[in-house]
Amino acid sequence: MEKKFEIKDLITVGIFTALYFAVTFAVACIGFIPIFMVLMPLIGPIFTGIPLMLYFSKIKHFGMITITSIIIAILMFITGHHYPIFIFCIGAGLITELVLKAGNYQSIKSCVIGSSTFSLWMLGMVIAFFFGFREDYFASLVDGYGQEYVDKMMGYTPTWVFFAMIVMCLIGGLIGGLLGAKVLKKHFRKAGMA
Amino acid sequence: MELGLSSTSDKGILKLDPRTKLCLLIAISIIMVGGKTVGVEYVLRVICAAIPFVLLLTVRHVKSALIYIIILGISVFCEGSVIPNISGAPNLILMIICGIISRFVPGYMMGWYTVRSTSVSEFMTAMDKMHIPYFITIPFSVMFRYFPTLGEEYRSIHDAMKMREIGQSVKNPFTYIEYVLVPIMMSTVRIADELSAASLTKGLSAGGRRTHICQINIRLYDWLLMFGALAMIVLFFVF
Amino acid sequence: MIEFKNVTFAYSSTNADGKSIEQGSISGIDLTIQNGEFVVLTGGSGCGKTTVTRLINGLIPHYYNGTLNGKVLIEGNSVPDTPIFETAKKVGSVFQNPRSQFFNVNTTDEIAFAAENQCCEPAEISKAITVTAASMHIEKLFDRNIFELSGGEKQIIACAGINVLSPDIIVLDEPSSNLDSEAIEKLKAVLTDWKSQGKTIIIAEHRLYFLRELADRMLILENGRIAKELTANEIKKLTADDTEKMGIRPMMLPEIHCSHQDTDIQGDVLLLEDFRFTYKDGKHGINIPRLELPASHIIAIIGHNGAGKSTLARNICGLECRCKGTLTMNGKKLKAKDRLHNCYMIMQDVNHQLFTESVRDEVILSMTDKSLTDKQKAQKADEILTQLDLAEYADTHPMALSGGQKQRTAIASGIASSKPVIIFDEPTSGLDLAHMKQVSDQLKKLKDMGKTVIVVTHDNEFILSCCDHVVRLENGCAAENCSLGK
């Protein structure tokens, strides 16, 4: 940590995290339509990328995006998500922090990449479907149905879907980041606000 | 938008310390997601599923408590009696839906209870008492303060779009999103500036210690519940 | 004692091209404020009065960047060299915008906030809160959600927070901008109380009438310099003509006299029927069975906060679908949905109704006539912009404009929409005399175009400058409906 956080930084973190979280929440509401649920990791980051890019443009110090990821993790946890969310959020936050730092917190290119890596936290919400949860759940059915049935079920929800989701997140984040950069240039630079 | 914690101190029958709620959340989160449906773990699961129901009743959220227990009942019934009797795609879909409900909904409901029964100041005081550093607590309180503002901003922008009749005429979804998001983002920047200035003149300082007028205490039943939560987690890992 | 010694300050900011620029604010200010003095700073927008308040509470140079020369001292200690955390113990601040000066959601937390930051004992804070509550009569505001309070109540909460910590110096930056006359009376009572406690008060304001008996000294700033200094006696003697000449708002609240009960309206009439609407809380709302308004006139809607002014405006505009009322205009009966096509509202915060990337696009966005080509639209837009003195800003981003220019941009889009009714919600909050007059001129222009203008306002000076007709609301009902006696 090169410089201590100032109040302004912390308030920026709070306000933009709130905005980011609210947009995520709004997009998640669309996700209740089943077809969109599968595409969530792609659609979500496209929308959230826009406010995220504005947030990135306000970041000047090391650590702010990591704090955002910790806050999102705590919020997701107290609203009932499961503990792997911590690993994913903080992991995504740290990676993004490094990406932004590589661009000295100024390069637009690294902001766009950062928007892509930051979206990976969303996987923390679905991780339980693919690993721990699935095997335990099927295992609990073994007694009644036999191994054959369990194998069949595992086949229906292949693990590669999870990796497809990672790719969707990254691409969604990238598109969101580019859109955000466009909005920044079109509105905020022109209005002298960024 | 009901995203934030409640704004005023609540009047429930049983007033738990936020830290107790956190312990219970952790226990429910661990046990519900991984537990098998047999033996000791089954008993633990039943207890964990019952906790949010009882707690919601103590804060008079009778409606959500009832909805919760009905949904949970249906999914448990399906898991036990319907799923074994059907096969193919319906079986898979039903199983996934029931699986999600029976494993995740108790956690969500506990989260809902925590959010609805804790005021922002209680939450902040609890975080301070748990020695969570200022660079987490300050952004957190700003967030809770900003959620309602976001709601207000969104409503005004929505009104303006309606009044200017641009909601319907915009065909491109991205243009629509731009029209909604850009004004919100603009005022976010402005409010961040003004709020920072106001907070500084009220003596908020990074890293400085502060006191709380809000009193939270760990009472006897808090200890009991925390101990119970811990015992459940231990039991869960032993078996 | 507060001392300014030859203080010059320029804000640094970035312009649209990303270059950093310096914007001069105040230059060569010499000022000494004695303990217990009540000083009013006034002058047109951008005269530097806000800068002076920021120098006292330390926001300059600790928060706003720029070049500062000269000395600012409180009791001999240099403010720029004191951490703002320390200055906060001695100087309390109230800001213009009640919406963005709160850190908490709960009123009691907010009142205690400043004291908590100074690490006062919780028991002592609670005691101070009880005392404050009794002296300010605000018990009923405790433990409430701040977002449910009116602007006036929010300002009172801000004052209560200061009372708990009880600093010696209090600076207020246009605290009355968003308040109605009743709330201003409450603010005045708080200020009177502070003055009697011997606190030093510095207040930057446009509206001056409520400070007449309180002010010990009034400074009129112009272009960053103190242009005129008035003593308490001189302030009390100021007549409306004097203040007019000085370019400041009058020292007396002008009364609005209705011409008596000749309710017959000449010419066309807008007829409102069955305007009944209640908010979800069941308390606030409007109940207007029948109301006749003169078409092509400027109609002011007045009344206290919570009387239903804004609700009526929203309903006339058609923003509340649940309202079953009808508006009859030119022989046509308009329901809520139809009214949206006929009414245009300029909101109190115009930032919410500007969407595009240039002023011209903003105006074009309102033109719904499909028969026009893009070129014709642009031409028409430029005509409208010229009328409103905005032609040179046609390509500027609306958010880069000043508040008044933004408002004119919104008016321009209103004209472009060719809707016959234009509604303003508090168009003059926080405006100085010159800008207020500018707004009233624009309203008159709209009237000359044949538009019906409805203004929700609590600014009496503004009403007298341009309105023809007044509707006074009380508890959601129309208590008075008359033409304005000249």
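Residues numbered from 1 in each chain as written. Chains lettered and ligands numbered in written order. Predicted model: local features only at pLDDT ≥ 70, side-chain atom pairs only at ≥ 80, totals over all residues.

J.: Quick question: what am I supposed to make of the overall build of chain B here?
T.: The helix and strand inventory of chain B stands at eight helices and zero strands. When its helices and strands are written in sequence order, chain B yields α-α-α-α-α-α-α-α. With 239 residues in all, chain B has 46% of them scored as buried. (Helix = DSSP H or I, 4+ residues; strand = E, 2+ residues; numbered from the N terminus. Buried ≥ 20, exposed ≤ 12 C-beta atoms within 10 Å, placed from the backbone.)

J.: Help me out: how do you make sense of the overall build of chain C in this one?
T.: On a plain count of helices and strands, chain C comes out with 16 helices and 20 strands. On C-alpha atoms alone, chain C measures out to a radius of gyration of 24 Å, which is about the 23 Å that the 2.2 N^0.38 rule sets for 486 residues. Projected onto its principal axes, the C-alpha coordinates of chain C cover approximately 70 × 50 × 45 Å. A buried classification covers 49% of the 486 residues belonging to chain C. For chain C, contacts bridging at least 24 residues in sequence account for 69% of all contacts bridging at least 6. (Rg over C-alpha atoms; globule rule 2.2 N^0.38 Å. Contact = placed C-beta atoms within 7 Å.)

J.: For this particular structure, what's the right way to read the interface of chain A and chain C?
T.: Often, the extent of an interface is quoted as the loss of accessible area upon association of its parts. The interface of chain A with chain C comprises seven residues on the first partner and eight residues on the second. By residue class, the composition of the side of chain A that touches chain C is two nonpolar, two polar and three charged. (Nonpolar A, V, L, I, M, F, W, Y, C, P; charged D, E, K, R; others polar.)

J.: Hey, could you run me through the nonpolar core in this one?
T.: Among soluble globular proteins, nonpolar side chains are generally buried collectively. Judged by nonpolar contacts, the single largest core of 258 residues is most densely connected at I299, I301, I423 and V455 of chain C. The leading source of residues in this core is helix α6 (residues 134-163) of chain B, at 13 residues. (Core = buried A, V, L, I, M, F, W, Y, C linked by C-beta atoms within 7 Å.)

J.: Would you take a moment to explain the domain arrangement of chain C for this structure?
T.: All names here are of chain C. Under the domain assignment used here, chain C contains domain 1 (2-246) and domain 2 (269-483). Placing a centre on the C-alpha atoms of domain 1 and another on those of domain 2 gives a separation of 32 Å. Contacts between domain 1 and domain 2 engage 14 residues on the former and 11 residues on the latter. The biggest single contributor to the side of domain 1 that touches domain 2 is helix α7 (residues 181-196), with three residues. Grouping the constituent residues of the side of domain 1 that touches domain 2 by class yields two nonpolar, nine polar and three charged. (Domains from an automatic or database assignment.)

J.: Where do I start with the packing of helix α3 (residues 64-78) of chain A against helix α4 (residues 84-102) of chain A in this structure?
T.: For any two helices packed against each other, one specifies the crossing angle of their axes together with the interaxial distance. All names here are of chain A. Put simply, α3 and α4 touch, their axes get as near as 8 Å, and they point 165° apart. The angle between the axes of α3 and α4 places the two elements in the roughly antiparallel class. Read as a crossing pair, α3 and α4 show a hand that is right-handed. Taken together, the residues of α4 that come into contact with α3 (itself represented by I65, T66, T68, S69, I70, I72, A73, M76 and F77) are I85, F86, C89, I90, A92, G93, L94, T96, E97 and L100. Partitioned by chemical class, the residues of the contact of α3 with α4 number 13 nonpolar, five polar and one charged. (Axes fitted to C-alpha atoms, helices over the stretch in contact; angles between N-to-C directions. Parallel < 35°, antiparallel > 145°, perpendicular 65-115°, else oblique. Left-handed = near helix turned anticlockwise from the far one by under 90°.)

J.: Help me out: how do you make sense of the environment of G198 of chain C in this one?
T.: Relative to the elements of secondary structure, G198 of chain C occurs in the loop between α7 and β8 (200-204). Considering only alpha carbons, one finds G198 of chain C and D168 of chain C, 30 residues apart in sequence, at a separation of 8.0 Å.

J.: How should I be thinking about the sheet that holds strand β10 (residues 225-231) of chain C in this particular structure?
T.: Either a parallel or an antiparallel arrangement is found when strands of a sheet pair, and the pairing is made through backbone hydrogen bonds. Residues and elements named next belong to chain C. Taken in spatial order, the six strands make up an open sheet running β6-β7-β8-β3-β9-β10, and their pairing is mixed. On the outer flanks of this sheet lie β6 (91-94) and β10, each paired with one strand and no other. If you compare each strand with its neighbour and ignore which way they point, the axes differ by 15° on average. On top of the sheet, helix α6 (residues 151-165) reaches β6 and β7 (169-173); it is set at about 175° to β6, its chief contact. (Pairing = 2+ DSSP bridges.)

J.: Before we go on, may I ask you to explain the sheet that holds strand β2 (residues 20-33) of chain C in this structure?
T.: Residues and elements named next belong to chain C. Spatial strand order, β2-β1-β4-β5: four strands in an open sheet with antiparallel pairing. One side of each edge strand has no neighbouring strand; the edge strands of this open sheet are β2 and β5 (77-78). With two bridges joining them, strand β4 (residues 66-74) and β5 adopt antiparallel strand pairing. Residue pairing in the sheet places L73 in a bridge with S78 of β5.

J.: Even after reading the chapter, I still don't get the interface of chain C and chain B, so can you show me in this structure?
T.: On the side of chain B, 44 residues touch chain C, which itself brings 50 residues to the contact. Of all the secondary structure elements, the ones that give two or more residues to the side of chain C that touches chain B are α2 (59-62), α3 (84-90), α4 (107-117), α5 (122-136) and β16 (343-346) of chain C. In terms of residues, the side of chain C that touches chain B owes the most to one element, α4 of chain C, which gives six residues.

J.: Honestly, the pairing of strand β19 (residues 469-474) of chain C in this entry has me stumped. Any pointers?
T.: The two faces of a sheet get side chains in turn, since along a regular strand they alternate between them. Residues and elements named next belong to chain C. With four bridges connecting them, strand β13 (residues 298-302) and β19 associate as parallel partners. By the bridge assignment for β19, A300 is matched with V470. Bridge count for β19 against strand β20 (residues 477-483) is six bridges, and the pairing is antiparallel. Across the sheet, E474 pairs through a bridge with C477, a residue of β20. The hairpin formed by β19 and β20 contains two residues between the paired strands, and N475 there has a positive phi angle of roughly 50°.

J.: Please clarify how the packing of α4 of chain C against α6 of chain C should be interpreted in this entry.
T.: Residues and elements named next belong to chain C. Running from N to C, α4 and α6 point in directions that differ by 40°, and their axes come no closer than 7 Å. Overall, the two elements α4 and α6 adopt an arrangement that is oblique. Judged by the twist between their axes, the crossing of α4 over α6 is right-handed. Across the interface between the two elements, T107, E110, I111, A112, F113, A114 and A115 from α4 touch I157, A160, G161, V164 and L165 from α6. Taken together, the residues of the contact of α4 with α6 sort by class into nine nonpolar, two polar and one charged.

J.: Please explain the confidence of the model for chain C as it appears in this structure.
T.: Low pLDDT marks stretches whose predicted atomic positions should not be read closely. Residues and elements named next belong to chain C. Mean pLDDT over chain C stands at 89; residues scoring 70 or higher make up 97%. Ranking the elements of chain C by mean pLDDT puts β20 last with 86 and β8 first with 96. Two summary scores accompany this predicted model of the complex, namely pTM at 0.88 and ipTM at 0.89. (pLDDT = per-residue confidence, 0-100.)

J.: Any chance you could explain helix α10 (residues 309-317) of chain C here in plain terms?
T.: For an α-helix, 3.6 residues make a turn, and residues three or four places apart therefore share a direction. All names here are of chain C. With eight of nine residues buried, α10 lies mostly within the body of the structure. All buried positions along α10 are accounted for by K309, T311, L312, A313, R314, N315, I316 and C317. Downstream of α10 by a residue or two, G318 has a phi angle that is positive, lying close to 90°.

J.: Sorry, what's going on with the domain arrangement of chain B here?
T.: By the assigned domains, chain B splits into domain 1 (18-119 + 216-238) and domain 2 (132-201). For domain 1 of chain B and domain 2 of chain B, the distance between their C-alpha centres works out to 35 Å.

J.: I keep staring at the pairing of strand β12 (residues 285-294) of chain C and nothing clicks. Help me out?
T.: Residues and elements named next belong to chain C. With nine bridges connecting them, strand β11 (residues 269-278) and β12 associate as antiparallel partners. Each residue of the ladder has a partner; that of R276, found in β12, is N287. Here β11 folds back onto β12 in antiparallel fashion, the turn holding six residues, of which G282 has a positive phi close to 80°.

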